[in-house]
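Working through the structure, step by step
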Amino acid sequence: MKQSEFLEQHIFNGLENVSDGFEDTSMHYFSESDFDAVLKKAEHFGLSIYKIETFLDGKAFDTSNHDAFKKKATDPKWYTKAFSDFKKRQEGLVYAATYKVSKKLLDRE
């Protein structure tokens, strides 16, 4: 199974990709509530999340990555904290992230 297939079937399934108007159509963009679900599923499967990008009114707002938190990309503490910080700073953000599904997990599917 490819990473994109795994993400579609297990992480993004049932969530709305709000990618209208964004340049990178290969990325998935989510509302706050849907991104919360993405993070919970990512934690459940032990995915790596390297970077979270946020957008407001179609324009880049801010980014955060695991290096800034001095955590491994698989550690949910960093992305949970980053998400919480973004929510406190600004309402109505759209979220995207850079993910990696381990080879071990892909081979299991």
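For clarity, every value in this text was computed on a predicted model and none was experimentally measured.

Quick notes on the rules
- Residues numbered from 1 in each chain as written.
- Predicted model: local features only at pLDDT ≥ 70, side-chain atom pairs only at ≥ 80, totals over all residues.
- Heavy atoms only, no water.
- Pairing = 2+ DSSP bridges.
- Helix = DSSP H or I, 4+ residues; strand = E, 2+ residues; numbered from the N terminus.
- Axes fitted to C-alpha atoms, helices over the stretch in contact; angles between N-to-C directions.
- Contact = heavy atoms within 4.5 Å.
- Salt bridge = Lys/Arg side-chain N within 4 Å of Asp/Glu carboxyl O.
- Buried < 20%, exposed > 50% of the residue type's maximum accessible area, 1.4 Å probe, protein only.

Across the sheet, which stays open at both edges, the three strands sit in the order 2-1-3 with antiparallel pairing between neighbours. The open sheet has two edge strands, strand 2 (59-65) and strand 3 (94-100), and neither has a second partner. Neighbouring strand axes in the sheet, compared pairwise and without regard to direction, differ in orientation by 20° on average. Pairing geometry for strand 1 (residues 48-56) and strand 3, over seven bridges, is antiparallel. Residue threonine 54 lies in a different strand from strand 3, and its bridge partner there is tyrosine 95. Along the sheet, helix 2 (residues 32-45) contacts strand 1 and strand 3; its crossing angle with strand 3, the most-contacted strand, is approximately 20°. Relative to strand 1, helix 3 (residues 76-89) is tilted by about 10°, and along the sheet it contacts strand 1, strand 2 and strand 3.

Now for the pattern of salt bridges. Under the counting rule described, the total for this entry stands at four salt bridges. One salt bridge in this structure joins aspartate 62 and arginine 89, with 2.6 Å as the shortest N-O distance. Separated by 27 residues along the polypeptide, aspartate 62 in strand 2 and arginine 89 in helix 3 bring together distant segments of the chain. Judged by relative accessible area, aspartate 62 falls into the partly exposed class, the value being 27%. Take arginine 89: its relative accessible area is 48%, and that puts it in the partly exposed class. Between lysine 81 and aspartate 85 there is a salt bridge, with the nearest N and O atoms lying 2.8 Å from each other. Note that lysine 81 and aspartate 85 are positioned in helix 3 at a spacing of four residues, about one turn of the helix.

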